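Architecture and fold: a report
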Amino acid sequence: MIPYFPNQMKRKKYFAVGLLVAAFGVVPTHLMARELLVQDSAQLTAALQGAQPGDVVILKNGNWKDAEILVTKGGELGKPVEIRAENPGGTILGGSSKLEINAPYVTVDGLLFYQGAIARDAVIQFNSHHGIVRHTAIVDYNPASFETAYYWVFFAGDYNLIDRCYFKGKTNIEPVIGNKFDGSQHNSVIHSFFKEMPYAEPNGREIFRIWGPGQFVRDDENGAFFTIEGNLFDHADGEGAEIISLKSNHNLVAHNTVIATRGCINIRRGNFNTIKENIILGQGVKGALGYRMTGEHNLIQGNFASGCEYGIEVSCGEFIGDTLTPRYQPTMKGVGTKPVPTRVPFYPQNREVTLVDNVMV
């Protein structure tokens, strides 16, 4: 048997690197990646500002108060910058702590946002592309005032992902998850758990609100292309009307399970959306609903609902054939650079909707 001598092996590795440097004048990028253990906000800021593709920034276990994790240096395809807890759930972020990803190819793993609060925007915000937040929790992260509005997660970039995360106890205005109205596409939330979101009446507290391109244009091939798949909603009431509210084109809602939750899965306005193979178990809870829709070319397939006030509601919508006065202007705002058609119904008609293989009990 050949004995193993760690120091000897290290000398051999560094000798090999030295040969490469001597031969080519560079150190291979994959050998330059670092693991950086940081113990406070100052060290964290310095590590993030100096991050290189492949680096791993590790937040030491313990309570972190008012930590602003502002990521401005990203990675590359196959070599993300990774930010993770020393142990999953061991890094507890409170006070006004928040995470903002402003660079591409960033992966965040194992953080816990617990019993803090911010003033506006979002606890986790994606402002770039190919960001991933996984194995992360936001629990009871609420302001003192119900009217202080912010999301827990907001997507303002492309191809970002929430994966296997946990959200519990949001009580203030604004949804848990939101997607930007214009220019935010191909984002996903998968395999995550939404639990005990207390009911309060005012509109605007959906669990998901997916804005995006296409909602005002009947034949627009553009859309948000948002995926909501494999998630669990348990007593996640929020506003009690809409659990998932799609307000854009080309989205997928599939393989989600809803238990004893007020509200419905709703295509509020939008076209070419797919609602597929979801399970809603209303359990007779007051306000538990099934599936609702408006818009065109939407597919509702293979879904199940039981114990709800209704299974499927197909809205008749509104038809506006002509304006009443020549000076009529729509009051819709925030549609970006694309003009709004002159005739815009508040609830679009259902046209070419497909309902197939759904079971309602």
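Scroll up a little and you will see the structure.
Report on the accompanying structure. Think of each chain on its own: its residues are numbered from 1, step by step along the sequence as written. Thresholds applied to this predicted model are a pLDDT of at least 70 for local features of residues and 80 or more for the giving and counting of side-chain atom pairs; totals over whole chains, interfaces and linings are not thresholded and use all residues. Each side-chain value is worked out from all heavy atoms of the structure, with water and hydrogens disregarded.

1. Some words on the overall build of the protein chain
Within the protein chain, the regular secondary structure consists of two helices and 33 strands. Residue burial is assigned from relative accessible area. The probe radius is 1.4 Å, only protein chains are included, and a residue is buried under 20% of its type maximum, exposed over 50%, and partly exposed in between. Split into buried and exposed, the 361 residues of the protein chain put 46% on the buried side. When contacts within the protein chain are restricted to residue pairs at least 6 apart in sequence, long-range pairs at least 24 apart make up 72% of them. With the model as given, the accessible surface of the protein chain reaches about 17200 Å², and the carbon-plus-sulfur share is 55%. Numbering of helices and strands runs from the N terminus; a helix is a DSSP stretch of H or I covering at least four residues, while a strand is a stretch of E covering at least two. The contact criterion used is simple: two residues touch if any of their non-hydrogen atoms lie within 4.5 Å. Shrake-Rupley sampling with a 1.4 Å probe provides the accessible areas, and residues are treated as covered by the protein chains on show and by no other component.

2. Some thoughts on the packing of aromatic side chains
Only rings of Phe, Tyr and Trp enter the pairing, Trp through its six-membered ring, and a pair is recorded when the two centres are within 6.5 Å. The plane angle decides the type: under 30 degrees is stacked, over 60 is edge-to-face, the rest tilted. Within this structure, the stated rule accounts for 10 aromatic pairs. Ring geometry for Tyr166 against Phe193: centres 5.5 Å apart, planes inclined by 55 degrees, an arrangement best described as tilted. Of the two residues, Tyr166 is situated in strand β15 (residues 166-168) and Phe193 in strand β18 (residues 193-197); the sequence distance between them amounts to 27 residues. With a relative accessible area of 26%, Tyr166 lands in the partly exposed category. Taking the relative accessible area as the measure of exposure, Phe193 reaches 25% and is therefore partly exposed. Both rings, one in Phe194 and one in Phe233, keep their centres 5.1 Å apart while their planes meet at 10 degrees; by these two values the pair is stacked.

3. So, the sheet that holds strand β31 (residues 312-314)
Any two strands between which DSSP finds at least two bridges are classified as paired. Pairing in this open sheet of 10 strands is parallel, and the strands run β4-β7-β10-β13-β16-β19-β22-β25-β28-β31 from one edge to the other. At either margin of the open sheet sits one strand with a lone partner, and together these are β4 (68-71) and β31. When strand polarity is set aside, the average angle formed by the axes of neighbouring strands in this sheet is 10 degrees. The pairing of strand β16 (residues 177-179) with strand β19 (residues 208-211) spans three bridges and is classified as parallel. When the bridges of β19 are listed, Ile177 appears paired with Phe208. Axis definition: a line fit to C-alpha positions, over the contact stretch in the case of helices; interaxial angles, taken between N-to-C directions, run 0 to 180 degrees.

4. Describing the pairing of β19
Looking at chain direction, β19 and strand β22 (residues 242-247) are connected through four bridges and run parallel. Across the sheet, residue Ile210 finds its bridge partner in β22, namely Leu246.

5. What to know about the sheet that holds strand β23 (residues 252-254)
Spatial strand order, β1-β2-β5-β8-β11-β14-β17-β20-β23-β26-β29-β32: 12 strands in an open sheet with parallel pairing. The sheet terminates laterally at β1 (35-38) and β32 (354-356), the two strands that pair on one side only. Taking each pair of neighbouring strands and ignoring which way they run, the sheet shows an average axis angle of 10 degrees. In this structure, strand β20 (residues 227-229) lies alongside β23, joined through three bridges in parallel fashion. Note on β23: the bridge partner recorded for Ile228 is Val253. Sheet strands in contact with helix α2 (residues 41-49) are β1, β2 (56-59) and β5 (81-85), and its direction is about 155 degrees off that of β1.

6. Some words on the pattern of salt bridges
When a carboxyl oxygen of Asp or Glu is within 4 Å of a side-chain nitrogen of Lys or Arg, the pair counts as a salt bridge. Summed over all chains, the structure comprises 15 salt bridges. For Glu35, the salt bridge goes to Arg84, with nearest N and O atoms at 3.8 Å. In this pair, Glu35 is assigned in strand β1 and Arg84 in strand β5, connecting sequence segments 49 residues apart. For Glu35, a relative accessible area of 58% corresponds to the exposed category. Among the ionic pairs, Lys195 bridges to Glu196, the shortest N-O distance being 3.5 Å.

7. Let's talk about α2
Among all positions of α2, only Leu44, Ala47 and Leu48 are buried. Around the axis of α2, the buried residues are gathered within 95 degrees of arc, so they sit on the same side. Facing away from the buried surface of α2 by more than 90 degrees, the exposed residues are Ala42 and Gln49. In this structure, the buried residues of α2 make contact with β1, β2, β3 (62-65), β4 and β5. Working note: the arc is built from the helix axis to C-beta atom directions.

8. Some words on unusual backbone geometry
Despite not being glycine, Asp140 has its phi angle at roughly 50 degrees, a positive value. As for its position among the elements, Asp140 is in the loop between β12 (137-139) and β13 (151-155). The residue Glu277 is not glycine, and still its phi comes out positive at about 55 degrees. Counting through the fold element by element, Glu277 comes out in the loop between β26 (274-276) and β27 (279-281). For Glu277, a relative accessible area of 38% translates into the label partly exposed.

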